[in-house]
Amino acid sequence: GSSRGPTISGGVDLSLPLFQGGRVRNSIAAARTRVEAGRATLRAVEGDVFTEAVAAYMDVIRDRAIVELNDNQIRVLTTNLEATRDRFEIGDVTRTDVAQSEARLSLQRAQLANVQSRLAASEENYRRVTGRAPGPLSPPPPLPPLPATADEAARIAVAQNPDVIAVVRQAEAAGLDVRVAGADRLPTVSGVVSGDY
């Protein structure tokens, strides 16, 4: 017969992959391994920044101590020059002795200017690394004990080096990528369900 009104039909196809040669499993494992490599790389960068901050900290402490020593030396040489001038006045030393004392003082003042400029450079480097000006700095705590043997130190360094860990993880991820590429040659199995109404 003849139909009266519109006709509606529908269909659903559902395809579910059952086996793809290990492609998905290896892709997920490769992605996880790359995340571990990225974390190790981040630890390496953090270690580099920490090392740079410690070096800047210690440079400021060192240069401040050197400036203080030079200040003290200038005070001593100034007192020595005054004593030499007094001795020259009474005829105990010659004009050469006074000139030598003045030369030593001038040399020490030049060295003070040099170490002050080095201190300013160290403080600016500290500011660049840490983002703030160095205030009063306390001496660092003592270092932890070193490993007992050189072999133990080398073993610890290799096992905990984040650069080595990152490279190993990247190599593992590349191996998993090879498996993913090899899965393209393997057969795949899918289940298909369809229905019509």
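Shown above is the structure to which this text applies.
An account of the accompanying structure is given in this report. Since the structure is predicted, the reported quantities are computational estimates derived from the model, not experimental observations.

Thresholds, definitions, all that
Residues numbered from 1 in each chain as written. Predicted model: local features only at pLDDT ≥ 70, side-chain atom pairs only at ≥ 80, totals over all residues. Heavy atoms only, no water. Core = buried A, V, L, I, M, F, W, Y, C linked by side-chain atoms within 4.5 Å. Buried < 20%, exposed > 50% of the residue type's maximum accessible area, 1.4 Å probe, protein only. Helix = DSSP H or I, 4+ residues; strand = E, 2+ residues; numbered from the N terminus. Contact = heavy atoms within 4.5 Å. Pairing = 2+ DSSP bridges. Expected span 1.5 Å × (residues − 1). Arc of directions from axis to C-beta. Polar contact = N/O pair within 3.5 Å; in protein donor to acceptor, adjacent residues only side chain to side chain. Phe/Tyr/Trp six-rings, centres within 6.5 Å; stacked < 30°, edge-to-face > 60°. Lys NZ or Arg CZ within 6 Å of the ring centre and 35° of its normal.

**Side note on the nonpolar core**
Core analysis: the biggest nonpolar cluster contains 9 residues, these being Val67, Ile74, Leu77, Leu81, Val98, Leu105, Leu112, Val115 and Leu119. At the level of elements, α1 (23–89) and α2 (95–130) are the ones that each hand at least two residues to this core. Considering every element that reaches this core, the biggest residue donor is α2, with 5 residues. Here Leu119 is in contact with Val60, Asp63, Arg64 and Val67, once residues within four sequence places are set aside.

**A word on the pairing of strand β2 (residues 189–196)**
With 0 of 8 residues buried, β2 lies mostly on the surface of the structure. Here 8 bridges tie strand β1 (residues 11–19) to β2, and the two strands are oriented antiparallel to one another. Looking across to β2, one finds that Phe19 is bridged to Val189.

**A word on helix α4 (residues 162–183)**
Because each turn of an α-helix spans 3.6 residues, side chains separated by three or four positions end up pointing in the same direction. Taking 1.5 Å per residue as the helical rise, α4 with its 22 residues ought to reach 32 Å, and the 31 Å between its terminal C-alpha atoms agrees with that figure. For α4, every residue scored as buried is listed here: Pro162, Ile165, Ala166, Ala173, Leu176, Val180 and Ala183. Down the axis of α4, the smallest arc covering the buried residues is 95°, so these residues share one side. Across α4 from its buried face, at more than 90 degrees, point the exposed residues Val167 and Val178. Capping of α4 at its N-terminal end is provided by Asn161; its side-chain oxygen lies 2.9 Å from the backbone amide nitrogen of Asp163.

**Describing the packing of aromatic side chains**
Taken as a whole and assessed by the stated rule, the structure comprises 1 aromatic pair. Between Tyr57 and Tyr126, the ring centres sit 6.4 Å apart and the planes meet at 45°, which makes this aromatic pair tilted. Here Tyr126 lies in helix α2 and Tyr57 lies in helix α1, a separation of 69 residues in the sequence. Residue placement shows Arg95 over the ring face of Phe88; its charged tip is 5.2 Å from the ring centre.

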